[in-house]
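Overview (structure and organization)
So you can see what is in the structure, the chains are spelled out below.
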Amino acid sequence: MHYRLLADLVILLHLIFIVFVVTGGFLALRFPRLALLHLPIAAWGVYIEFSGSYCPLTPLENHFSRLAGDEGYTGGFIEHYLLPIIYPVGLTLGIQTILGLIVIAVNLIPYFLLLRRSLVR
């Protein structure tokens, strides 16, 4: 039972991490110092996508799932949880590259605005 809870908490942390990678720049518009935390985290997320790697949270989640008696899953978090919703086919390096580019594009908007705001002052 405790391992299932730990696995679920890691899944939740993983989801929060992904949402923060994608949208944290918009939070930085409101709280500019948050950019110091968001930028390296977003860079890590983009690196994971561009390199075709898996986030270290994926094996941790699988570990707790197996200890809870589940099989765990192969592949990464995005492939297992998000791609079945977004894409009908498996995760490829090309798709991961596109996802990384989307993260960059989405975050360019708020950081451009933040930079412009700081230069105007």
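Residues numbered from 1 in each chain as written. Predicted model: local features only at pLDDT ≥ 70, side-chain atom pairs only at ≥ 80, totals over all residues. Heavy atoms only, no water.

Helix and strand counts for the protein stand at five helices and zero strands. Going from the N terminus to the C terminus, the protein shows its helices and strands as α-α-α-α-α. Counting over 121 residues, the protein shows a buried share of 35%. Across the protein, the fraction of contacts at a sequence separation of at least 24, relative to all contacts at a separation of at least 6, is 63%. When the accessible area of the protein is evaluated, it comes to approximately 7,800 Å², of which 74% is carbon and sulfur surface. (Helix = DSSP H or I, 4+ residues; strand = E, 2+ residues; numbered from the N terminus. Buried < 20%, exposed > 50% of the residue type's maximum accessible area, 1.4 Å probe, protein only. Contact = heavy atoms within 4.5 Å. Areas by Shrake-Rupley, 256 points an atom, 1.4 Å probe, with all protein chains shown as cover.)

Moving on, we come to the packing of aromatic side chains. In total, this model carries two aromatic pairs according to the counting rule given. Aromatic side chains Tyr3 and Phe64 sit 6.4 Å apart centroid to centroid with 20° between the ring planes, which places their arrangement in the stacked category. Highlighted residues: Tyr3 in helix 1 (residues 2-30) and Phe64 in helix 3 (residues 57-67), separated in sequence by 61 residues. According to the relative accessible area criterion, Tyr3 is partly exposed, its value standing at 36%. (Phe/Tyr/Trp six-rings, centres within 6.5 Å; stacked < 30°, edge-to-face > 60°.)

It is at 9 Å that the axes of helix 1 and helix 2 (residues 35-51) come closest, and there the two elements cross at 140°. On the basis of the axis angle, helix 1 is oblique to helix 2. Helix 1 and helix 2 meet at a crossing whose hand is left-handed. Where helix 1 approaches helix 2, its residues Phe17, Phe20, Val21, Gly24, Gly25 and Ala28 are matched on the opposing element by Ala35, Leu37, His38, Ile41, Ala42, Trp44 and Gly45. (Axes fitted to C-alpha atoms, helices over the stretch in contact; angles between N-to-C directions. Parallel < 35°, antiparallel > 145°, perpendicular 65-115°, else oblique. Left-handed = near helix turned anticlockwise from the far one by under 90°.)

Turning to helix 5 (residues 93-120), a few remarks are in order. Across its 28 residues, helix 5 extends 40 Å between first and last C-alpha, which sits within 8% of the 40 Å expected from 1.5 Å per residue. At Leu108, helix 5 shows its maximal kink, close to 30°; a proline, Pro110, follows between one and four residues later. Looking only at helix 5, the buried set comprises Ile95, Gln96, Leu99, Gly100, Val103, Asn107, Pro110, Tyr111 and Leu114. (Expected span 1.5 Å × (residues − 1). Bend = angle between axes of the 7 residues up to and from the residue.)

Attention now moves to the environment of Pro110. Position of Pro110 relative to the elements: it lies in helix 5. A relative accessible area of 0% means that Pro110 is categorised as buried. Sequence-wise, Pro110 and Phe26 are 84 residues apart; in three dimensions their C-alpha atoms are separated by 5.4 Å. In this structure, Pro110 is in contact with Gly25, Phe26 and Leu29, ignoring residues within four places of it in sequence.

We now examine the confidence of the model for the protein. Detailed reading of the predicted coordinates is not advisable wherever pLDDT is low. Taken residue by residue, the protein gives an average pLDDT of 84. The fraction at 70 or more is 83%. The least confident element of the protein is helix 4 (residues 77-86), whose mean pLDDT is 59; the most confident is helix 2, at 94. (pLDDT = per-residue confidence, 0-100.)

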